[in-house]
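Analysis of the macromolecular model
Each chain is listed here by its residues.
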Amino acid sequence: MKRVEQHAAYGGRQEVWTHRSATLGCEMRIGVYLPEQALRGEKRPVLYWLSGLTCTEQNFLTKAGAQAHAARHGLIVIAPDTSPRGDDLPNDAAYDLGQGAGFYVNATEAPWAAHFRMQDYVADELPALVEAHFPASDARGISGHSMGGHGALVTALRRPGRYRSVSAFSPIVAPARAPWGEKAFTAYLGADRAAWQGWDASILVANASERLPFLIDQGLNDEFLAAQLRPEVLVEACKAVDHPIELRLRPGYDHSYYFIASFLGDHFAHHAAALRG
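Scope of this entry: the structure provided in the associated data block.

1. Structural notes on the nonpolar core
In this structure, Phe103, Ile142, Leu153, Tyr188, Phe214 and Leu234 are the most contacted members of the largest nonpolar core, which totals 67 residues. The leading source of residues in this core is helix α4 (residues 118-133), at seven residues. If sequence neighbours within four positions are ignored, Leu153 has contacts with Val166, Ala168, Pro171, Val173, Ala201, Phe214, Ile216 and Leu234. Counting residues in each nonpolar core, the second largest holds 23 residues, with Phe169, Leu264, Ala272 and Leu275 among its members.

2. With respect to helix α10 (residues 257-276)
Here α10 contains 20 residues, and its C-alpha end-to-end distance of 27 Å stays within 8% of the 28 Å for a straight helix at 1.5 Å per residue. Where α10 is concerned, the buried positions are Tyr257, Phe259, Ile260, Phe263, Leu264, His267, Phe268, His271, Ala272 and Leu275. Where α10 starts, the residue carrying a side-chain oxygen 3.2 Å from the main-chain nitrogen of Tyr258 turns out to be Ser256.

3. A look at unusual backbone geometry
A cis amide bond links Ala110 with the next residue in sequence, Pro111, at an omega value of 0 degrees. With respect to the helices and strands, the residue Pro111 is situated in the loop between β5 (76-80) and α4. In this model, Tyr10 sits at a positive phi of 55 degrees, which is unusual for a non-glycine residue. Within the secondary structure, Tyr10 sits in the loop between β1 (2-9) and β2 (12-21).

4. Regarding the pairing of β5
Within β5, five of the five residues are buried, which leaves it mostly tucked inside the rest of the structure. Where strand β3 (residues 26-34) meets β5, four bridges bridge the pair, whose relative direction is antiparallel. Following the sheet pairing, Ile30 is matched in β5 by Pro80. Bridge analysis of strand β4 (residues 44-50) against β5 gives three bridges, and the strand direction is parallel. Note on β5: the bridge partner recorded for Tyr48 is Ile78.

5. Overview of the packing of helix α3 (residues 66-73) against α10
Where α3 meets α10, the axes come as close as 10 Å, and the angle between the chain directions of the two elements is 30 degrees. If you check the angle between α3 and α10, you find them roughly parallel. The two elements α3 and α10 cross, and the hand of that crossing is right-handed. Along the contact surface, α3 presents Ala66, His69, Ala70 and His73, while α10 presents Leu264, Gly265, Phe268, Ala269, Ala272 and Arg276. Across the contact of α3 with α10, the residue classes break down as six nonpolar, three polar and one charged.

Parameters and conventions
- Residues numbered from 1 in each chain as written.
- Predicted model: local features only at pLDDT ≥ 70, side-chain atom pairs only at ≥ 80, totals over all residues.
- Heavy atoms only, no water.
- Core = buried A, V, L, I, M, F, W, Y, C linked by side-chain atoms within 4.5 Å.
- Buried < 20%, exposed > 50% of the residue type's maximum accessible area, 1.4 Å probe, protein only.
- Helix = DSSP H or I, 4+ residues; strand = E, 2+ residues; numbered from the N terminus.
- Contact = heavy atoms within 4.5 Å.
- Expected span 1.5 Å × (residues − 1).
- Polar contact = N/O pair within 3.5 Å; in protein donor to acceptor, adjacent residues only side chain to side chain.
- Pairing = 2+ DSSP bridges.
- Axes fitted to C-alpha atoms, helices over the stretch in contact; angles between N-to-C directions.
- Parallel < 35°, antiparallel > 145°, perpendicular 65-115°, else oblique.
- Left-handed = near helix turned anticlockwise from the far one by under 90°.
- Nonpolar A, V, L, I, M, F, W, Y, C, P; charged D, E, K, R; others polar.

Note that all results are geometric; they support no functional claim without further evidence.
Below you can see the structure in the form of structure tokens.
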């Protein structure tokens, strides 16, 4: 672990660290916000944030205004990069595949399988690293935006007992039936659609073994709403099995970080209440 950036913020400290990931086989960057309590050595709960297509760890750190909320609730916030990166790693010229577009799955197809294992990185390697190197407790929440919202929902559903709370902004809730997901899943998981079902929140929820409430915010002026995001699909799937979900539709808001910053405080309060418990 090497710290490459640090800034005082709201009584705590925003840092960026690099480390060699055994899971991904490359150097990774993670944003780490430590509230004042953590700087004093007190163990604090952790909120993991998963960003969307084309993002690095920097988008959330610099655009969301998360540090004020994290300081208010005394939460450590971890924001990893969205994929493996490196000149010697596979990539694609399109923005929605390859580096910057890991989709938080474990790839099984060449040339991606050797490095693109973001699910294992986010759910296993990263928490172990965080809890070993920082004053972090094992009380974890997970959230994200767009592709990262998909990642947050799927990771919570696939890993019962690992998280105490989950939320999302503008998530891709049914990637097996959306153009972004169909493209990524074909490349990473192969053409057999049966292999995709374990990575689709609207399918996984039917057999969920725990009932973590979903908090989802969605802007009604989001240009991706109808074709890519389709939150109504997840609402119907949750209703079918009585899984708790709160979908808040926000008139006038789009897919940007202005939208995230406007309602992020509500999501921090949602996670803080669960993590305190």
